[in-house]
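# Chains, contacts and geometry: an overview
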Amino acid sequence: MNIIVTGGAGFIGSNFVFHMLKKYPDYRIICLDKLTYAGNLSTLAPVMDNPNFRFVKADICDREAVDKLFEEEHPDIVVNFAAESHVDRSIEDPGIFLQTNIIGTSVLMDACRKYGIQRYHQVSTDEVYGDLPLDRPDLFFTEETPIHTSSPYSSSKAAADLLVLAYHRTYGLPVTISRCSNNYGPYHFPEKLIPLMIANALADKPLPVYGEGLNVRDWLYVEDHCKAIDLIIHNGRVGEVYNVGGHNEKQNIEIVKIICKELGKPESLITHVGDRKGHDMRYAIDPTKIHNELGWLPETKFEDGIKKTIQWYLDNREWWETIISGEYQNYYEKMYGNRGEA
Ligand SMILES: Cc1cn([C@H]2C[C@H](O)[C@@H](COP(=O)(O)OP(=O)(O)O[C@H]3O[C@H](C)C(=O)[C@H](O)[C@H]3O)O2)c(=O)[nH]c1=O
């Protein structure tokens, strides 16, 4: 089996590469990644010398490069993790989100049509469903929940999902889509809530909580997500969407307090800053479909997952310290330096 994993140098993509190489020693995994600010080649160091692994630096929007790779590798499966993923960045500058997330998806699927493929899998997000109210804890996103996006990021992902379903209906492309909740775990880029708070707390820097911090996210350990995608690409039904969630809802402020406690840092580091524009209140996924059809359930309890994650950041300081000392530092100052206290 030859599998092209796009965005394999990013957070979820790299964890998926590791999972697949370990579980299927006879598979060949080809990582296609543009190495944007969020993709880091050092992340893939543990597998660079694996004879079943190949890294190719290219943009999924580059039709020539994508076609060349398909000609060389004849992939059986393509799993598309490549995406601009940070909501705050999409609010500042939507253009690249439309380009990578929508156009890039169509370029990949055109290559799948041209060269033939067993499966194209699109890694999507629960943000395509918009948000749920805080006072209705009985409500969850199902695969039938209407698309109702809030940010340029989620709109670009929703547009891509619709394109994927259209390529299935119009051209018969064998596709599947997974829509996951918030992932956490090793190699999470330190602009996202959990790794940002760990990095800042370790440096005794302020912990910037947007608004009151009452927004709820459904946290999913990244390894559990990788197992779900593995099941979907092998046994999922073509043309179907599968929701993948942690069944683990937490308010942002709770998460930040847990991190302070685990690291022995004072909650006085918490700083309430101006809220995100159009901030989604609550995400919560109903994973009944993937459970009933494919037997998947999240295995990692949050109490264990967050401890493992914090330990990983303690053990791999060089990885994230290098990142936050570079280009990202300028971004961080731009984003938070002028936000001020709420
Ligand atoms: C970075 C940051 C975030 N937040 C809040 C904003 C959110 O309510 C929550 C999580 O934010 P984050 O940007 O880490 O993630 P989401 O906006 O929920 O989106 C994430 O999960 C979905 C499923 C994807 O699809 C996105 O690609 C992924 O980035 O913490 C703060 O309060 N302070 C901060 O400094």
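Computed from a prediction, not measured in an experiment: that's the story for all the values here.

### Considerations on the site of the ligand
Around the ligand sit 25 residues, and of these Thr125, Tyr153, Pro208, Arg276 and His279 come closest. Here an oxygen atom of the ligand and a side-chain polar atom of Glu127 are 2.8 Å apart. With respect to the ligand, the side chain of Asn182 contributes an N or O atom lying 2.9 Å from an oxygen atom. Listed by contribution, the elements that provide at least two residues to the shell around the ligand are α6 (193-202) and β8 (207-210). The residue inventory of the shell around the ligand, partitioned by class, reads 11 nonpolar, 8 polar and 6 charged.

### Some remarks on the sheet that holds strand β9 (residues 216-221)
Taken together, the 3 strands give an open sheet; going across it, the order is β7-β9-β11, and neighbouring strands pair in mixed fashion. The open sheet has two edge strands, β7 (182-184) and β11 (249-251), and neither has a second partner. Along the sheet, successive strands turn relative to each other by an average axial angle of 50°, direction set aside. Inspection of the sheet shows β9 paired to β11 by 3 bridges, in the antiparallel sense. In the sheet register, Val216 faces β11, and the bridge partner there is Gln251.

### Re the UniProt feature "domain: NAD(P)-binding" (unreviewed entry) in the protein chain
UniProt records the feature "domain: NAD(P)-binding" (unreviewed entry) for residues 4-309 in the present numbering. The span residues 4-309 carries 40% helix and 18% strand; its end-to-end C-alpha distance comes to 27 Å.

Quick notes on the rules
Throughout, residues of each chain are indexed from 1 in the direction in which the sequence is written. Totals for whole chains, interfaces and linings use every residue, but because this is a predicted model, local features are given only for residues with pLDDT of at least 70 and side-chain atom pairs only at 80 or more, for both listing and counting. The side-chain values count all of the structure's non-hydrogen atoms but skip hydrogen atoms and water molecules. When we say a residue is near a molecule or strand, we mean one of its heavy atoms is within 4 Å of it. In protein, a polar contact means a hydrogen-donor-capable atom and an acceptor-capable atom, both N or O and within 3.5 Å, with residues adjacent in sequence counting only if both atoms are side-chain atoms; elsewhere, any N or O pair within 3.5 Å suffices. Counting from the N terminus, the helices are the DSSP runs of H or I reaching at least four residues and the strands are the DSSP runs of E reaching at least two. Under the scheme applied, nonpolar residues are Ala, Val, Leu, Ile, Met, Phe, Trp, Tyr, Cys and Pro; charged residues are Asp, Glu, Lys and Arg; polar residues are all the others, including Gly. A pair of strands counts as paired when DSSP detects no fewer than two bridges linking them. What counts as an axis is a line fitted to C-alpha atoms, over the stretch in contact for a helix, and the angles between N-to-C directions run from 0 to 180 degrees. UniProt positions are given in the numbering used here, feature names are shortened, and annotations may be inferred rather than shown by experiment.

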